[in-house]
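Read off the chains here:
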2 protein chains.
Amino acid sequence: MPWPAHCRHVTGEVGIYQTLKHKPLAEVRAAIRAGQYCSHTAGLGKGFLQANLAIMPEAYALDFMRYCQRNPKPCPLSGVSDTGNPMMTTMGGQIDIRTDVPAYNIYRDGRLAGSVTDIRDLWQDDFVAFALGCSFTFEHALQQAGIALWHIDNDKTVPMYRSGIDTVPAGPFRGKMVVSMRAIPEDRVAEAVEISRRFPLAHGAPVHWGDPAGLGITDLARPDWGDPVPVPEGHVPVFWACGVTPQVALEAASMPICITHKPGHMLISDIPEDAEIPILRPQDQHTSQTQQGETHDTHA
Amino acid sequence: MPWPAHCRHVTGEVGIYQTLKHKPLAEVRAAIRAGQYCSHTAGLGKGFLQANLAIMPEAYALDFMRYCQRNPKPCPLSGVSDTGNPMMTTMGGQIDIRTDVPAYNIYRDGRLAGSVTDIRDLWQDDFVAFALGCSFTFEHALQQAGIALWHIDNDKTVPMYRSGIDTVPAGPFRGKMVVSMRAIPEDRVAEAVEISRRFPLAHGAPVHWGDPAGLGITDLARPDWGDPVPVPEGHVPVFWACGVTPQVALEAASMPICITHKPGHMLISDIPEDAEIPILRPQDQHTSQTQQGETHDTHA
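Residues numbered from 1 in each chain as written. Chains lettered and ligands numbered in written order. Predicted model: local features only at pLDDT ≥ 70, side-chain atom pairs only at ≥ 80, totals over all residues. Heavy atoms only, no water.

(A) Highlighting the pairing of strand S11 (residues 267–272) of chain A. Residues and elements named next belong to chain A. Among the six residues that make up S11, five are buried, leaving the element largely enclosed by the rest of the structure. Inspection of the sheet shows strand S1 (residues 48–57) paired to S11 by three bridges, in the antiparallel sense. Its bridge partner being in S11, Ala 51 is matched across the sheet by Leu 267. (Buried < 20%, exposed > 50% of the residue type's maximum accessible area, 1.4 Å probe, protein only. Helix = DSSP H or I, 4+ residues; strand = E, 2+ residues; numbered from the N terminus. Pairing = 2+ DSSP bridges.)

Rendered as structure tokens:
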């Protein structure tokens, strides 16, 4: 499936992005579904949980779910489809995972085989789709607390490093934990830890701060993915578990076919970013976005 | 497998319980493993995460994991074994799930078929064991904050009710959410909500407080499980999602065989109760009980 001409044109352009940035989620999703927008989702659908994506044959799904359970900081599971059903029913009223992500990467035998903007032709009856929380959520919370993030303010990609920490394997899924780094003012590190710990579905608290050697990282200036960022005097490098970790594990598993989102091109869900749990019940979806079980009597 | 004579004798007796209450976790586990202690685990192995148990054939495991992911408040997944492996490797150095729980319930075709204290004879090569967080963790935190819990102070079982809330189904697993109720002083409800919300692996924040009718509960004095408790003047009934919910779902699934802990007779893990994530990595188990990835430089 070739990259559509209009999307080749649009990708990298700021026009439609600047428009969608101020539109409600429904319009953003409609543009993505129609193939009119195929670029990154940072800053779109503000206030709603965004997620990484991994789609694979059912034969691998139990092991992958075990892998996520055992490595909840890099792989915070926020949704799982029924086998063969492309609707992510617990993440939104009408999310079709085959069309509602701006761009997808296709892996065959563990190797990137191409990128597309729609996977309707590739969908299989035995596919299971997994959504995993991403760092946008805690980054927003840090920014709201007045902690500046250099990579966002300078329109760069956060630097990511392959650490020396082994993830806990499950079946064919294994590999080193990938971490992302943000430089935080020394006197606000404790606060940054506290804030991000509140978002277990967005990688939670950092896994390390201070000397990068503690993670087996030798040179901060040479990230394995993303762009290098400065660590100014009085700042501490703080490392969070990163959503690239499951991608490394998916490559290690070398499945005949596996589909992920294209990095930065995430699924935008109907779930509020500050939800205690990332589940919409069927009965909620026709009324409001009340969370599962949150029926508490506010007059109590 | 009959209930061992020495355990029939011990169950309900306070002698060995009072001794074990002051013993370190290793001694408690050794007594359970040897079949010397077959009673409830409340107050034992203080400071360590206790868990509900569900063991089933692999053919059902993916759907059960989906059920837990979709219903994280009643079913907070804290550990999953590899298929056929009775060692719960991420929950402790040497936890053998066939012997390290004081008592088990055996279900056949969805019906309770008996209770035993050891399942070595019943273990199958296709079994997958699941551990689910329980309410002990947030109850300890409430007590530490000075919020008294009547059922504990009066040696009763917390009252549990079948609510009108449908859980989100997955495969054959479905049913109403079961909730437990604790009466909290009106002016401390907000605090109780805040405290328990910090423990997503122990059911998290309450699902409801105030009028029981909001959950479809008609008579607080007649719980479906456990003992009734008073709701004194100035107190509010507060309802949490309850670990009996997955038991109801397991019965609904009507599997040829399924094994759970006997209620109150929990798995005591090596995981500290206040751990951010419930995972011990293989490399941690021979050194300390450091959490996955928590290698932060305290000198930073």
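And the narrative resumes.
(B) Broad picture of the sheet that holds strand S6 (residues 160–166) of chain B. Residue and element names in this part refer to chain B. Strands sit in the order S6-S7-S9-S8 across an open sheet of four strands; the sheet is antiparallel. The sheet is open, and its two edges are formed by S6 and strand S8 (208–209), each paired on a single side. In the sheet, S6 pairs with strand S7 (residues 176–185) via four bridges, with the strands oriented antiparallel. Among the inter-strand pairings, Arg 162 is bridged to a residue of S7, identified as Val 178. Lying on the sheet, helix H7 (residues 189–197) is in contact with S7, S8 and strand S9 (235–241); it crosses S9 at an angle near 15°. (Contact = heavy atoms within 4.5 Å. Axes fitted to C-alpha atoms, helices over the stretch in contact; angles between N-to-C directions.)

(C) Layout of the interface of chain B and chain A. Taken residue by residue, the interface counts 50 residues in chain B and 50 residues in chain A. Counting each side, the surface lost to burial between chain B and chain A is near 4,100 Å², with a carbon and sulfur contribution of 55%. In terms of surface lost to chain A, no three residues of chain B exceed B:Gln69, B:Arg70 and B:Glu276, which account for 16% of the buried area on that side. The salt bridge partner of B:Arg70 is A:Asp82, with a shortest N-O separation of 3.1 Å. Linking chain B with chain A are 14 residue pairs in polar contact (both at pLDDT 80 or more), by the criterion used here. (Buried area = accessible area lost by both parts, 1.4 Å probe. Salt bridge = Lys/Arg side-chain N within 4 Å of Asp/Glu carboxyl O. Polar contact = N/O pair within 3.5 Å; in protein donor to acceptor, adjacent residues only side chain to side chain.)

(D) Highlighting unusual backbone geometry. The residue A:Ser254 is not glycine, and still its phi comes out positive at about 50°. Residue placement: A:Ser254 occurs in the loop between helix H8 (244–253) and strand S10 (258–261). The exposure class assigned to A:Ser254 is partly exposed, which follows from its relative accessible area of 36%. One non-glycine residue, B:His203, lies in positive phi territory at about 80°. Following the sequence through the fold, B:His203 ends up in the loop between H7 and S8. The exposure class assigned to B:His203 is buried, which follows from its relative accessible area of 2%.

(E) Here's a closer look at the relation of the copies chain B and chain A. In the superposition of chain B on chain A (RMSD 0.0 Å, axial shift 0.0 Å), the rotation amounts to 180°. Accordingly, the operation relating the two chain copies is best matched by a two-fold axis. Across chain B, the smallest distance between a C-alpha and the rotation axis is recorded for B:Leu62, namely 2.6 Å. When the interface residues of chain B are mapped onto chain A, 100% of them again fall at the interface, so both copies present the same face. (Least-squares fit on C-alpha atoms with pLDDT ≥ 70 in both.)

(F) Representation of the pattern of salt bridges. Tallied over the full model, the rule gives 24 salt bridges over all chains. The residue A:Asp166 makes a salt bridge to A:Lys176 at a minimum N-O spacing of 2.9 Å. Linking A:Asp166 in strand S6 (residues 160–166) with A:Lys176 in strand S7 (residues 176–185), this pair joins segments that are 10 residues apart in sequence. Classification of A:Asp166 by relative accessible area gives partly exposed; the value is 37%. Taking the shortest distance from any N to any O, the salt bridge between B:Glu27 and B:Lys23 comes out at 3.9 Å. With a relative accessible area of 39%, B:Glu27 lands in the partly exposed category. The exposure class of B:Lys23 is partly exposed, given its relative accessible area of 34%. Each of the salt bridges in this network shares a partner with another, and the network as a whole consists of A:Glu58, B:Asp63 and B:Arg66.

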